[in-house]
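The primary structure of each chain is shown beneath.
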Amino acid sequence: MCTFAVSGLAHYFERAGIATVVIALIPQHAEKIRPPRTLSVPFILGRPLGAPNDPAFQHRVLDTALGLLNQTDGPVFAEFEEDAPAVDEVPPWVCPVSFAQTSDESDLVETVISEIQLLTPWYEKGISERGSSSFGVADMQLEEVVKFLADFTKGEAPAAEEIPIEDMLKRAVEDLKAFYNESAVSQPGNPSAKDIEDWYWGETEAGKMIRQIKKSFIDAPVSSDTPQARTKFTAGFLLVPGSQAFRDA
Amino acid sequence: MKRADVPEELANRTAPAFDPSALVPGPQLNQRRIALISTAGLMHRGDKPFSIGANDYRILDTESDEDLLMSHISTNFDRTGFVQDHNVVLPLERLQEKANNGEIGSLARYHFSFMGATPPDQLEAAANQLARNLRGDEVNGLILLPV
């Protein structure tokens, strides 16, 4: 829905006297709102510049977008024709960290923390190389995140304190995923976004824990407009990507 | 996405209606001051994360030492590109390079992020308020970037 948002925002800024150009990831959405100037790009959602760590490619996208700014007869719709460079995976990426398998739910926290310990050297390598981390939206330590999330796997939301519990749930889930994402991209090989997504949701205990939260809440009977109902919505629709729903269908 | 790859249900979602906007003229690119508007739910570490229905924005200061975090509520987009290279979402380094070699006039110090799951008509008040700040900073070119 972000292409709707940038398209609408472009109207507001342009009407306020500032020239705009929208990079659109869903061309059909830009065509509905018709912002002043649009460059549609063929990249996956989440990558408006197409390719990480490819400055030359990113410059080409920006050059094309900036080239539209001086057009005053619109709305302008242009398309960026070049695909993002293919990920070179020879051999196919496999996470080199082997995780122990367990089915004992009582060990859930311990199992996920064991996974995290195995991945931590890669996570720290990534921080060292990039100088930053995207972990930390929930403002909890990683072990706290795991314990907090494990409490949701029975389909019951813990009591909220200052921040709505559904917001804390979402932030904790994304922090856990950020740790795994950063660990994965720091390992040898050149994994694609799909490789990492399939690994996280299909092979890690962390991913399975989040899927369990969704399953636990999806059929839970709740009264409307209660914290439990809002948590159910978040668990049902905002945690597991639609592209991974097949795993629990 | 490639047009043909957009699922029909996604492509056909309804959008609020907008009247056409007159396109603002301006100087040549090498005289423009450029800022970025993202809808990725970006924030500096320590800022308030975005929540469902958020209709405000966060300031992204190029001189801040705090990490950039992403607190978008959607789970249906890739975040692995962002963790490898922030420029794939917010291309500040690329634009600074363009400023350094004279392709654009300058890069603004401040950039801004909304959270793009909020319907655009609910962002009007914040956008109008932000536009005054941008004009005050003499920004005359905006690139808007979704995720």
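All of these numbers come straight from a predicted model, not from anything done at the bench.

1. As for the overall build of chain A
Step number 1: Per the secondary structure count, chain A includes nine helices and three strands.
Step number 2: Its helices and strands in sequence order give chain A the pattern α-β-α-β-α-β-α-α-α-α-α-α, from N to C terminus.
Step number 3: Overall size of chain A, expressed as C-alpha extent along the three principal axes, is 65 × 50 × 35 Å.
Step number 4: A burial count over chain A gives 48% of its 249 residues as buried.
Step number 5: Across chain A, the fraction of contacts at a sequence separation of at least 24, relative to all contacts at a separation of at least 6, is 66%.

2. Thoughts on the overall build of chain B
Step number 1: Regarding its fold elements, chain B presents four helices and seven strands.
Step number 2: Taken from N to C terminus, the helices and strands of chain B fall in the order α-β-β-β-β-α-α-β-β-α-β.
Step number 3: In terms of overall size, chain B behaves like a compact globule, its C-alpha atoms giving a radius of gyration of 16 Å where 147 residues would be expected to give roughly 15 Å.
Step number 4: Each of the three principal axes of chain B carries a C-alpha extent, and together these read 45 × 40 × 30 Å.
Step number 5: Out of the 147 residues in chain B, the part that is buried amounts to 48%.
Step number 6: Put simply, 76% of the contacts in chain B that link residues at least 6 apart link residues at least 24 apart.

3. Brief notes about the nonpolar core
Step number 1: In terms of nonpolar packing, the biggest core is built from 112 residues, with Leu9, Ile23, Ala65, Leu149 and Ala172 of chain A together with Ile143 and Leu144 of chain B touching the most fellow members.
Step number 2: The element best represented in this core is helix α6 (residues 165–185) of chain A, accounting for ten residues.
Step number 3: Mapping this core onto the domain boundaries places at least three of its residues in each of domain 1 (2–79) and domain 2 (105–248) of chain A.

4. Structural notes on the environment of leucine 144 of chain B
Step number 1: One can find leucine 144 of chain B in strand β7 (residues 141–145).
Step number 2: Discounting residues that sit within four places of it in the chain, leucine 144 of chain B has contacts with Val6, Leu9, Ala10, Thr20, Val22 and Ile23 of chain A together with Ile37 of chain B.

5. Comments concerning the domain arrangement of chain A
When the parts come together, some accessible area is lost, and that loss is often what is quoted as the size of the interface.
Step number 1: According to the domain assignment, chain A consists of domain 1 (2–79) and domain 2 (105–248).
Step number 2: Placing the centre of domain 1 of chain A and that of domain 2 of chain A at their C-alpha centroids yields a distance of 32 Å.

6. So, the packing of helix α1 (residues 2–15) of chain A against helix α4 (residues 124–136) of chain B
Step number 1: Look at α1 of chain A against α4 of chain B: their axes get within 9 Å of each other, and the N-to-C directions meet at 40 degrees. Here α4 of chain B runs oblique to α1 of chain A, going by the angle between their axes. Viewed along their axes, α1 of chain A and α4 of chain B form a crossing whose handedness is right-handed. Residues Leu9, Tyr12 and Phe13 of chain A of α1 of chain A lie in contact with α4 of chain B, whose contacting residues are Glu124, Ala127, Asn128 and Ala131 of chain B.
Step number 2: Of the residues in the contact of α1 of chain A with α4 of chain B, the class split is five nonpolar, one polar and one charged.

7. Details of the interface of chain B and chain A
Step number 1: Each side of the interface is counted separately: chain B has 69 residues, and chain A has 74 residues.
Step number 2: Of all the secondary structure elements, the ones that give two or more residues to the side of chain B that touches chain A are α1 (8–11), β4 (68–70), α2 (80–84), α3 (92–100), α4 and β7 of chain B.
Step number 3: With six residues, the top contributor of residues to the side of chain B that touches chain A is α4 of chain B.
Step number 4: Grouping the constituent residues of the side of chain B that touches chain A by class yields 39 nonpolar, 18 polar and twelve charged.
Step number 5: Where strand β1 (residues 20–24) of chain A and β7 of chain B come together, three bridges link them in parallel fashion.

8. Focus: the environment of threonine 153 of chain A
Residue and element names in this part refer to chain A.
Step number 1: As for its position among the elements, threonine 153 is in the loop between α5 (142–150) and α6.
Step number 2: C-alpha separation for the pair threonine 153 and valine 240, spaced 87 residues apart in sequence, amounts to 14 Å.
Step number 3: What threonine 153 contacts, discounting residues up to four positions off in sequence, is Leu108, Met209, Gln212, Ile213 and Ser216.

9. Side note on α5 of chain A
All names here are of chain A.
Step number 1: All buried positions along α5 are accounted for by Leu142, Val145, Val146, Phe148 and Leu149. Down the axis, α5 shows its buried residues gathered within 165 degrees of arc, on one side only.
Step number 2: Contacts from the buried residues of α5 go to α4 (108–130), α6 and α8 (205–218).

10. A closer look at the pairing of strand β6 (residues 110–113) of chain B
Step number 1: As paired strands, strand β1 (residues 33–38) of chain B and β6 of chain B are joined by two bridges and run parallel to one another. Bridge pairing in β6 of chain B links isoleucine 37 of chain B to phenylalanine 112 of chain B.

11. Some words on the confidence of the model for chain B
Step number 1: Per-residue confidence for chain B gives a mean pLDDT of 97; residues scoring 70 or more make up 100%.
Step number 2: Taken over the whole predicted complex, pTM reads 0.93, whereas the ipTM for its chain interfaces reads 0.98.

What counts and how
Residues numbered from 1 in each chain as written. Chains lettered and ligands numbered in written order. Predicted model: local features only at pLDDT ≥ 70, side-chain atom pairs only at ≥ 80, totals over all residues. Helix = DSSP H or I, 4+ residues; strand = E, 2+ residues; numbered from the N terminus. Buried ≥ 20, exposed ≤ 12 C-beta atoms within 10 Å, placed from the backbone. Contact = placed C-beta atoms within 7 Å. Rg over C-alpha atoms; globule rule 2.2 N^0.38 Å. Core = buried A, V, L, I, M, F, W, Y, C linked by C-beta atoms within 7 Å. Domains from an automatic or database assignment. Axes fitted to C-alpha atoms, helices over the stretch in contact; angles between N-to-C directions. Parallel < 35°, antiparallel > 145°, perpendicular 65-115°, else oblique. Left-handed = near helix turned anticlockwise from the far one by under 90°. Nonpolar A, V, L, I, M, F, W, Y, C, P; charged D, E, K, R; others polar. Pairing = 2+ DSSP bridges. Arc of directions from axis to C-beta. pLDDT = per-residue confidence, 0-100.

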